[in-house]
Amino acid sequence: EAGVAQSPRYKIIEKRQSVAFWCNPISGHATLYWYQQILGQGPKLLIQFQNNGVVDDSQLPKDRFSAERLKGVDSTLKIQPAKLEDSAVYLCASSRNPGGWERPYEQYFGPGTRLTVT
Amino acid sequence: EDKVVQSPLSLVVHEGDTVTLNCSYEVTNFRSLLWYKQEKKAPTFLFMLTSSGIEKKSGRLSSILDKKELFSILNITATQTGDSAIYLCAVGSGGSNYKLTFGKGTLLTVNP
């Protein structure tokens, strides 16, 4: 099966500019996640969608970050305006479902978008 | 706040050595523990463990979970240069809002 697709792979912008990332999950995966991975750190969850609804966005800096998954398939993550500390790799992941109480499912990651803010 | 701590943070070995990577955690409503391998790209899934004491194996890699002591280990035997990567431990917690919390990772370097 095709993996998680992300674009662009790399992006360089100046601070205060805006940027958008796109993700297409594995077909049939209901749950989609956006993570931020700063150099030397593990991925940090920004937002989790179940179909087109938000399940958890508690760590999303909502003053500058926004995300949507309008039709329950692909998703976009936007940063406006960007700050220097937003330089990171933005990873999208998907899983069949969050697991509920039956069994947790593994998450599969896309290649990521490396963002550099200058 | 959920916490996942990996040790060591970095490790340098020679080909053929055996390594053990550690992951300890403190989370509410534990559901699973996952290991990922990350080279210069996205993390790739290795194992998911949900029960204590049951070893999962894949080739030269194996992992086990201790839910009483709240830790897991990842063993790699007969290491190869291709094993050089960051190994990430993640703990899944929650019910309908099941999510992963990642550790900082262990950077493994295998020298020829």
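Note that this is a predicted model, so its numbers are computed, not measured. (Residues numbered from 1 in each chain as written. Chains lettered and ligands numbered in written order. Predicted model: local features only at pLDDT ≥ 70, side-chain atom pairs only at ≥ 80, totals over all residues. Heavy atoms only, no water.)

K.L.:
What is the right way to look at the overall build of chain A in this model?
P.N.:
The number of helices and strands found in chain A is 0 helices and 11 strands. Listing the helices and strands of chain A from first to last along the sequence gives β-β-β-β-β-β-β-β-β-β-β. Relative to the compact-globule value of 13 Å for 118 residues, chain A shows a C-alpha radius of gyration of 14 Å, a close match. Within chain A, buried positions represent 47% of all 118 residues. Partitioning the contacts of chain A with sequence separation of at least 6, the portion at a separation of at least 24 is 55%. Here chain A has roughly 5,900 Å² of accessible surface; of this, 49% comes from carbon and sulfur atoms. (Helix = DSSP H or I, 4+ residues; strand = E, 2+ residues; numbered from the N terminus. Rg over C-alpha atoms; globule rule 2.2 N^0.38 Å. Buried < 20%, exposed > 50% of the residue type's maximum accessible area, 1.4 Å probe, protein only. Contact = heavy atoms within 4.5 Å. Areas by Shrake-Rupley, 256 points an atom, 1.4 Å probe, with all protein chains shown as cover.)

K.L.:
Honestly, the sheet that holds strand 7 (residues 61-66) of chain B in this entry has me stumped. Any pointers?
P.N.:
Sheets are built from strands paired through backbone hydrogen bonds, the pairs being either parallel or antiparallel. Residue and element names in this part refer to chain B. With respect to topology, 5 strands assemble into an open sheet ordered 1-3-8-7-6, the strand pairing being antiparallel. Looking along the sheet, the strands with just one partner apiece sit at the ends: strand 1 (3-7) and strand 6 (56-58). Adjacent strand axes in the sheet meet at a mean angle of 15°, parallel and antiparallel pairs treated alike. Strand direction decides the pairing type here: strand 1 and strand 3 (residues 19-26), joined by 5 bridges, are antiparallel. Bridging from a neighbouring strand, Val 5 pairs with Ser 24 of strand 3. (Pairing = 2+ DSSP bridges. Axes fitted to C-alpha atoms, helices over the stretch in contact; angles between N-to-C directions.)

K.L.:
Explain the interface of chain B and chain A here, please?
P.N.:
Often, the extent of an interface is quoted as the loss of accessible area on bringing the components together. Taken together, the contact between chain B and chain A spans 21 residues of the former and 25 residues of the latter. Taken together, both faces of the contact between chain B and chain A bury some 1,900 Å²; the carbon and sulfur share is 58%. Where chain B packs against chain A, one counts 1 salt bridge. With a closest N to O distance of 3.9 Å, Asp 56 of chain A and Lys 99 of chain B form a salt bridge. Linking chain B with chain A are 3 residue pairs in polar contact (both at pLDDT 80 or more). Taken together, the elements giving at least two residues each to the side of chain B that touches chain A come down to strand 4 (30-38), strand 5 (44-49) and strand 10 (99-102) of chain B. Element by element, the count of residues in the side of chain B that touches chain A is highest for strand 4 of chain B, at 5 residues. For the side of chain B that touches chain A, the residue count by class is 10 nonpolar, 8 polar and 3 charged. (Buried area = accessible area lost by both parts, 1.4 Å probe. Salt bridge = Lys/Arg side-chain N within 4 Å of Asp/Glu carboxyl O. Polar contact = N/O pair within 3.5 Å; in protein donor to acceptor, adjacent residues only side chain to side chain. Nonpolar A, V, L, I, M, F, W, Y, C, P; charged D, E, K, R; others polar.)

K.L.:
Teacher, can you tell me more about the packing of aromatic side chains here?
P.N.:
Think of a pair of aromatic rings as described by two things: how far the centres are apart, and how the planes are tilted against each other in angle. Scanning the model with the defined rule gives 11 aromatic pairs over all chains in all. For the pair Phe 21 of chain A and Tyr 90 of chain A, a centre-to-centre distance of 5.0 Å together with 25° between the ring planes defines the contact as stacked. Of the two residues, Phe 21 of chain A is situated in strand 3 (residues 19-24) and Tyr 90 of chain A in strand 9 (residues 88-95); the sequence distance between them amounts to 69 residues. One exposure class covers both Phe 21 of chain A and Tyr 90 of chain A, and it is buried. With 5.6 Å between their ring centres and 90° between their planes, Tyr 35 of chain A and Phe 102 of chain B make a pair best called edge-to-face. Taken together, the residues span two chains, with Tyr 35 of chain A in strand 4 (residues 31-37) and Phe 102 of chain B in strand 10. Relative accessible area serves as the criterion here: at 0%, Tyr 35 of chain A is assigned to the buried category. Grouping aromatic residues by their ring pairs yields a cluster made of Tyr 33, Tyr 35, Tyr 108 and Phe 109 of chain A together with Tyr 36, Phe 45 and Phe 102 of chain B. (Phe/Tyr/Trp six-rings, centres within 6.5 Å; stacked < 30°, edge-to-face > 60°.)

K.L.:
Would you take a moment to explain the sheet that holds strand 1 (residues 5-7) of chain A for this structure?
P.N.:
Residues and elements named next belong to chain A. Ordered by their spatial adjacency, 4 strands build an open sheet running 1-3-8-7, and the pairing between neighbours is antiparallel. Single-partner strands in this sheet number two, and they are strand 1 and strand 7 (65-68). In this sheet, adjacent strand axes meet at a mean angle of 15° when their direction is disregarded. Taken together, the 4 bridges between strand 7 and strand 8 (residues 75-79) define a ladder with antiparallel strand orientation. In the strand pairing of strand 8, Glu 68 is matched with Thr 76.

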